[in-house]
Amino acid sequence: MIKYQNFGVQKNWIANRYQESSSTKYLSVISPYFGKEICTVPDSNIDDLNLAVDQAKKIFPKWSKMNIRDRSEVMFQFKFILEKNIDELAQLIALDNGKTIADAKGSIMRGKEVVEFATSLPAILGGDSSHVADGITCTMTHEPLGIVAGITPFNFPAMVPLWMIPLAITSGNCFILKPSEQTPLAALKMAEYLKSAGLPDGVFQIVNGSREIVEGICDHPEIKAVAFVGSSKIAKIVYTRSTSLGKRALCLGGAKNHMIVVPDADLNSTAKGLLASSMGSAGQRCMAASVAVGVADIDPIIDQLIDEAKTFVLGKDMGTIISKVALDRIIGYIDEAEKMGAKILIDGRNVKPPNGYEDGYWLGTTILDNVDPDWPCAKEEIFGPVLSIIRTDTLDNAMKIENKNPYGNAAAVFTTSGEVAKSISDLSSAGMVGINIGVPVPREPYSFGGWNESKYGHGDITGESGVRFWTNLKKVTARWPESSEPWKKYF
Ligand code: NAD
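A quick note: this is a predicted structure, and the numbers were derived from the prediction, not measured. (Residues numbered from 1 in each chain as written. Predicted model: local features only at pLDDT ≥ 70, side-chain atom pairs only at ≥ 80, totals over all residues. Heavy atoms only, no water.)

Asker: So what's going on with the site of the ligand? Which residues, and what values?
Answerer: If you check the shell around the ligand, you find 25 residues, and the closest are Lys-178, Glu-181, Ser-231, Gly-253 and Glu-381. Between the ligand and Thr-152 there is a distance of 2.8 Å, counted from an oxygen atom to a backbone nitrogen or oxygen. Backbone polar atom of Phe-154 to an oxygen atom of the ligand: 3.1 Å apart, as the coordinates give it. Protein contact buries 87% of the 840 Å² of open area that the ligand shows by itself. Here the ligand occupies the largest pocket. Secondary-structure elements contributing two or more residues to the shell around the ligand are α8 (211–219) and β10 (223–229). Within the shell around the ligand, the residues separate by chemical class into 13 nonpolar, 8 polar and 4 charged. Both domains that meet at the shell around the ligand, namely domain 1 (12–254 + 450–475) and domain 2 (257–435), each give it at least three residues. (Near = heavy atom within 4 Å. Polar contact = N/O pair within 3.5 Å; in protein donor to acceptor, adjacent residues only side chain to side chain. Areas by Shrake-Rupley, 256 points an atom, 1.4 Å probe, with all protein chains shown as cover. 1 Å grid on protein atoms, 1.4 Å probe; cavity = no way out; pocket = protein on both sides within 12 Å on 5 of 7 lines; lining within 4 Å. Sits in = over half its atoms within 2 Å of the grid points. Helix = DSSP H or I, 4+ residues; strand = E, 2+ residues; numbered from the N terminus. Nonpolar A, V, L, I, M, F, W, Y, C, P; charged D, E, K, R; others polar. Domains from an automatic or database assignment.)

What follows is the structure, given as structure tokens:
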């Protein structure tokens, strides 16, 4: 049960306490369950960002020199606090994002995996040392960059910040987060948890806001690296702007993920997989499957999919759409596909909202068949619970369709044939591939990151790749002189 609550005027989080913004502009945060304001957040300005940077500058020398075991101890404590408070955090995520409580908890658990990985950084950051020539040693260590920042989207208010925060700060950096102005509550709560975990003032800070803060982060001379997760359009802008000023940037963008389905696929698990991966989180995830490419006759699987979809309960199996604007945009794609000739197997428009949430932004599962690969619903990121089915005759054609899409986050194949699975996995143009898994998010320590227009920058955001992003390598080569005269007698 999601209860309506109004949290009033929110603040920034600077030096481990709530800090009023110096901006007079505030942004309204609407709960998509209720269509009603639940708080306002400051549309912060550059003075607010400068304050965060000044606080980070004060603590960086001490934090970066603190031994790695003490830094990772904060992550151990943070992990326990997250586990203890999962109900509270899930409730906040549900309220401002519209997820079901189960989805919200699942997303916290996935984010927590990165916290757990960060507790193992003493083993990774310890560095390497070897005797490379007579009397000469080489030592390599990971050194923090300094003050770094992250900009995050609305769809995973805790998990996506958790892709960044644990690795950035445990590696010795000071991190400034600009969360989505649509879903700011979870990040502020996690800031309180990090303080309780023993994180010193200024190591993790939040500056709420919108475009001005994002541009300020890209331009700030003291901010050394920027991680971004959001739409490809903004990812590209943030990447170009930050790197043109010599910053390190890793910007994850949007997606259009394809699932290739062949007739030999297992009926039940494939139908369930297609449904869960396209409708989970109401399709508002960058790993959501958006297109099913059916090769030859897959009608029995589609029939089973429809039966499964009819059992999907709004409010229990699927939450809301983030906003009225997003809802209208998604319905626009369905209307357009219908006009172009798509066969609507299941129509989520005009569904009855769950009791008590009549003013929320609801859309039911929608499945479109006989979709042409060139229609907008097949090519563009819809970011809603809409699955488009494209029919084709050969695996070759299926791969051409998958390869032609400009994104490259994920692709999946449903088959019982090892040969088909291997071939699709080899040929798909995506960073994360699923075999009989519709949402192939790698578990830690395997890193998360797509290809093509789903990512600007090098490397991935989690795993060891994430550690490399937030650190510089220092290589020390040393020759130790022969013992000098006064010491000779001791050898
Ligand atoms: P968005 O791009 O609108 O916003 C992301 C961030 O950018 C927010 O913090 C927002 O304040 C900021 N922003 C928005 N417009 C801006 C502008 N003009 N100038 C500067 N900053 C701006 O994305 P969203 O709607 O919050 O999230 C959904 C998108 O995120 C989808 O495209 C989804 O695929 C993508 N996403 C990608 C991944 C991934 O791992 N690749 C993960 C989650 C979400």
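Having put the structure on the table, let's press on.
Asker: Tell me about the pairing of strand β6 (residues 136–144), residues and numbers included.
Answerer: Both strand β5 (residues 128–133) and β6 contribute to a ladder of 5 bridges, which runs antiparallel. Bridge assignment links Ala-133 to a residue of β6, and that residue is Ile-136. Two successive antiparallel strands, β5 and β6, enclose a turn made up of 2 residues, where Gly-135 displays a positive phi of approximately 75°. Both β6 and strand β20 (residues 471–479) contribute to a ladder of 9 bridges, which runs antiparallel. The partner of Thr-141 across the bridge, within β20, is Lys-474. (Pairing = 2+ DSSP bridges.)

Asker: Account for helix α7 (residues 185–196), with residues named and values stated.
Answerer: Across its 12 residues, α7 extends 17 Å between first and last C-alpha, which sits within 8% of the 16 Å expected from 1.5 Å per residue. Among the 12 residues that make up α7, 9 are buried, leaving the element largely enclosed by the rest of the structure. Looking only at α7, the buried set comprises Leu-185, Ala-186, Ala-187, Leu-188, Lys-189, Met-190, Ala-191, Tyr-193 and Leu-194. Note on α7: the residue one or two positions beyond its end, Gly-198, has a positive phi of about 105°. (Expected span 1.5 Å × (residues − 1). Buried < 20%, exposed > 50% of the residue type's maximum accessible area, 1.4 Å probe, protein only.)

Asker: Please give an account of the side chain of Thr-471 that cites residues and values.
Answerer: Tracing the backbone through its elements, the reader meets Thr-471 in strand β20. Separated by 2.7 Å, the side chain of Thr-471 and the backbone oxygen of Val-467 make a polar contact. When residues no more than four places from it in sequence are discounted, the contact partners of Thr-471 are Leu-125, His-142, Glu-143, Leu-145, Ser-171 and Arg-248. (Contact = heavy atoms within 4.5 Å.)

Asker: Could you give me a rundown of the layout of surface pockets, with the residues and numbers involved?
Answerer: For the largest pocket, the calculated volume is near 1100 Å³. Lining the largest pocket are 45 residues, and of these Pro-153, Phe-228, Gly-230, Ser-231 and Ile-234 sit closest to its centre. Of all the secondary-structure elements, those providing two or more residues to the lining of the largest pocket are α6 (159–170), α8, β10, α9 (232–244) and α12 (324–340). Taken together, the residues that form the lining of the largest pocket break down as 23 nonpolar, 13 polar and 9 charged. Shared between two domains, the lining of the largest pocket takes at least three residues from each, and those domains are domain 1 (12–254 + 450–475) and domain 2 (257–435). A volume near 400 Å³ is recorded for the second largest pocket. (Points joined across faces, edges and corners; volume = space filled by probe spheres on them.)

Asker: Tell me what's going on with empty space enclosed by the protein, and back it up with residues and numbers.
Answerer: Scanning the model with the defined rule gives 3 cavities of 30 Å³ or more in all. Taken as a whole, the largest cavity encloses approximately 110 Å³ of empty space. For the lining of the largest cavity, a count of residues per class yields 8 nonpolar, 5 polar and 3 charged. The computed volume of the second largest cavity comes to approximately 90 Å³. Surrounding the second largest cavity, Arg-110, Glu-113, Val-114, Met-159, Trp-163, Val-441, Pro-442, Glu-444, Tyr-446, Phe-448 and Thr-462 form its lining. The element contributing the most residues to the lining of the second largest cavity is helix α4 (residues 101–118), with 3 residues.

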